[in-house]
Amino acid sequence: MAVIKASLRARLSGLVGFLPSRQDWASMRRQPRRDLVAGLTVAVVALPLALGFGVASGLGAAAGLATAIVAGALAAVFGGSNLQVSGPTGAMTVVLVPIVHQFGPGGVLTVGLMAGIVLIALALARAGRFVRYVPAPVVEGFTVGIAAVIFLQQVPAALGVPTPHGEKVTAVAWQAVVDFVHHPQWTALALAAGVAVVMLAGARWKPGIPFSLLAVAAATIVTATADLDVARIGALPATLPAPSLGFLDPAAVPMLVTSALAVAALAALESLLSATVADGMTVGQRHDPDRELFGQGVANLVTPLFGGVPATAAIARTAVNVRTGAGSRLAALTHALVLAVVMLAAAPLVAHIPLAALAGVLLATAIRMVEVGSLLALARSTRSDAVLMVLTAAATLALDLIAAVGIGLVLAAFLAVRKIARAATLEQVPLDVSDHHAEEAALLAEHIVAYRFDGPLFFAAAHRFLLELTEVADVRVIILRMSRVSAIDGTGATVLRDAIERLEHRGITVYLSGIRPGHDKTLQSIGVLDRMRRQHRLFEHTAEAIAAARTHLHRTGVMTDVARPALEAV
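Remember, it's a predicted structure, so these values are computed and weren't measured experimentally. (Residues numbered from 1 in each chain as written. Predicted model: local features only at pLDDT ≥ 70, side-chain atom pairs only at ≥ 80, totals over all residues. Heavy atoms only, no water.)

All right, on to the overall build of the protein then. Helix and strand counts for the protein come out as 26 helices and eight strands. Here the protein holds 570 residues, and the buried ones make up 51% of them. Here the contacts in the protein between residues at least 6 apart in sequence split such that 82% fall between residues at least 24 apart. Approximately 26,500 Å² of the protein is accessible, and the part contributed by carbon and sulfur atoms is 64%. (Helix = DSSP H or I, 4+ residues; strand = E, 2+ residues; numbered from the N terminus. Buried < 20%, exposed > 50% of the residue type's maximum accessible area, 1.4 Å probe, protein only. Contact = heavy atoms within 4.5 Å. Areas by Shrake-Rupley, 256 points an atom, 1.4 Å probe, with all protein chains shown as cover.)

This paragraph deals with the pattern of salt bridges. All chains considered together, the criterion is met by seven salt bridges. One salt bridge in this structure joins Arg 484 and Asp 454, with 3.7 Å as the shortest N-O distance. Taken together, the residues span a long stretch of sequence, with Arg 484 in the loop between β5 (477-481) and β6 (485-488) and Asp 454 in strand β4 (residues 448-457) at a distance of 30 residues. Here Asp 530 and Arg 533 are joined by a salt bridge, their closest N and O atoms 3.9 Å apart. Pair noted here: Asp 530 and Arg 533 are both in helix α25 (residues 528-534), with a separation of three residues, about one helical turn. By relative accessible area, Asp 530 is classed as partly exposed at 32%. Each member of the salt-bridge network shares a partner with another, and the members are Arg 452, Asp 454 and Arg 484. (Salt bridge = Lys/Arg side-chain N within 4 Å of Asp/Glu carboxyl O.)

A separate point is the environment of Ala 356. Here Ala 356 shows up in helix α17 (residues 355-369). Between the C-alpha atoms of Ala 356 and Ala 192, which are 164 residues apart in sequence, the distance is 5.0 Å. Excluding its chain neighbours within four sequence positions, the residues that come into contact with Ala 356 are Ala 157, Ala 188, Leu 191 and Ala 192.

The next thing to look at is the nonpolar core. Of all hydrophobic cores here, the largest spans 51 residues; its most connected members are Ile 150, Val 195, Leu 273 and Met 369. Looking at this core, the element that brings in the most residues is α17, giving eight residues. Formed by 33 residues, the second largest nonpolar core is a distinct cluster that contains Leu 426, Phe 453, Val 472 and Val 495. (Core = buried A, V, L, I, M, F, W, Y, C linked by side-chain atoms within 4.5 Å.)

Our next topic: the environment of Pro 310. Tracing the backbone through its elements, the reader meets Pro 310 in the loop between α13 (289-302) and β2 (312-313). On the basis of relative accessibility, which here comes to 1%, the residue Pro 310 falls in the buried class. Along the chain, Pro 310 and Ala 260 lie 50 residues apart, while their C-alpha atoms are 9.8 Å from each other. When sequence neighbours within four positions are dropped, the list of residues in contact with Pro 310 reads Thr 67, Met 92, Leu 96, Val 108, Gly 112, Val 263 and Asn 300.

Our next topic: the packing of helix α4 (residues 61-78) against α13. Contact geometry for α4 and α13: axes closest at 8 Å, N-to-C directions at 150°. The pairing of α4 with α13 is recorded here as roughly antiparallel in orientation. Here the hand of the crossing between α4 and α13 comes out right-handed. Between α4 and α13, the contacting residues are Val 70, Ala 71, Leu 74, Ala 75, Val 77 and Phe 78 on the first element and Arg 291, Phe 294, Gly 295, Gln 296, Val 298, Ala 299 and Val 302 on the second. Broken down by class, the residue content of the contact of α4 with α13 amounts to 10 nonpolar, two polar and one charged. (Axes fitted to C-alpha atoms, helices over the stretch in contact; angles between N-to-C directions. Parallel < 35°, antiparallel > 145°, perpendicular 65-115°, else oblique. Left-handed = near helix turned anticlockwise from the far one by under 90°. Nonpolar A, V, L, I, M, F, W, Y, C, P; charged D, E, K, R; others polar.)

On to helix α11 (residues 211-226). The first and last C-alpha atoms of α11 sit 22 Å apart over 16 residues, in line with the 22 Å expected at 1.5 Å per residue. Every buried residue of α11 is accounted for by Phe 211, Ser 212, Ala 215, Val 216, Ala 219, Thr 220 and Thr 223. (Expected span 1.5 Å × (residues − 1).)

Next up on the list: the environment of Gly 116. Within the fold, Gly 116 resides in helix α6 (residues 105-124). Given a relative accessible area of 0%, Gly 116 falls into the buried group. Distance in space between the C-alpha atoms of Gly 116 and Pro 310 is 8.4 Å, their sequence separation being 194 residues. Setting aside its immediate chain neighbours within four residues, Gly 116 contacts Gly 297, Asn 300 and Leu 301.

Packed helices, taken two at a time, are described by their axes: the angle between them and the distance between them. Axis separation between α4 and helix α15 (residues 330-344) bottoms out at 8 Å; the angle between their running directions is 150°. Taken together, the axes of α4 and α15 are roughly antiparallel relative to one another. When you trace α4 past α15, the crossing you get is left-handed. Between α4 and α15, the contacting residues are Ala 62, Leu 65, Ala 68, Ile 69, Gly 72, Ala 73, Ala 76 and Val 77 on the first element and Ala 332, Leu 333, His 335, Ala 336, Leu 339, Ala 340 and Met 343 on the second. In the contact of α4 with α15, the residues fall into 13 nonpolar, two polar and no charged.

Now for the side chain of Arg 291. Relative to the helices and strands, Arg 291 resides in helix α13. The class for Arg 291 is buried, based on a relative accessible area of 7%. A polar contact is formed between the side chain of Arg 291 and the backbone oxygen of Val 77, at a distance of 3.2 Å. (Polar contact = N/O pair within 3.5 Å; in protein donor to acceptor, adjacent residues only side chain to side chain.)

This brings us to the pairing of β4. A large share of β4 lies buried, amounting to 10 of its 10 residues. Taken together, the five bridges between strand β3 (residues 425-429) and β4 define a ladder with antiparallel strand orientation. Bridging across to β4, Val 429 finds its partner in Ala 450. Pairing of β4 with β6 involves two bridges; the strand directions are parallel. Within the sheet, the bridge partner assigned to Leu 457 lies in β6 and is Ile 488. (Pairing = 2+ DSSP bridges.)

This is the structure:
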């Protein structure tokens, strides 16, 4: 009973760690003005995105806006990053569209609830820490790829042409350029370029001023006063949608398990990588990955109750938040509150904002997401880092986020294994025979050879070692010094056993010395240690192995001309 109580206390203590702390509330009071301005700016950028992603998901504009408000507020309060802004995203839309087609809106809402439960379970299992193993080139490549996707997504709006149909952003952007050539819309292009230039130049001149907000306001005033023919963002729903009860029948839930796991995986991956990118764009900010998973889980658990779609952290909105000077969760909360006010009261005013102006904001944001200094530093460090970064960026642009990170991780693992395997060596070392007579030392060196392993003895390097060992000739004894083996796996142990057997088949006696305590279990499992122990060929120190080899040479008659009576006592 005491053990159960202790376990429950530990779990409750861990759960309390995911809840908002006094430090979170204190940080909101440090620079409220900058956070409020940042939140307002993000809300201006997030509004058309929320509407568009809601429509693209198949549940309508109201669902997208409800997601940005509810998920944005909950993830800001319970999440693990001070800078993260959550809501509907394009990557999530790609996953949701097939669910809508197969199961209808109820399927999307059910998947959101299930994904929220999975994310909370991952948080309680402390799975967030594993994202720390994502190499820097993968994160940088992912960031560059996302920036390119964001840039290309804004091309149709920036050129003032209808968004062409298609799934690949490169093809859609190219078709938009073709449509623009046939029917140019110079006003839209001028607005988008003007907003982007003002933002980029203003950030260099006065980083603390919200030039994005000023530029969007100026563009809206110009289009309204001059009565320019520029597309607007369209009308908004007048009220927040009522909580949806359109979930699937419980009997259909098992069919959505795979989809829920995919949504949870995408939400976790995109949120954690977004938080990592946000940390890299600032100084002194570090997110809590497990708490971030918990916050995204709570957001996805509650949002479907308001008719919203599954949500995740949005890199574009997070980047805008960081770039406009946000320093606490107050900015993300302000973003959600402003969207709620807009939805309830200010829909007619927001409907006058030109899409081209908002496209300019995202174009500038995409450009500023790319840290040229970091890219050049990684590209110059090693060739493998440069290749890894380029391939991850290309995969992000050509495929999708999950595939891009998966490719990056697999390639990173391959390059790391290759580098470790090359670092591992098998080196012949001189015998320590200083305590022997010169003639006997010469004979020992003639018949005994010692090899020292340095580094890990594992699958990537083991077969190369086997080839080197089995090519040894014209010796009677081989001593394998194992004290510098940093790690050994099943393949390495098996190859070592095979090498010993092949050498013995050629009449060469093998001794092992210096096996580390942590490696004996692996060698024991394939029978190497038992046999070597029975034959008295396993030693703790190399000097003992040399003495045993010397005795062996005398007993077999190889060193009869230097026989010494004391040898028989060894």
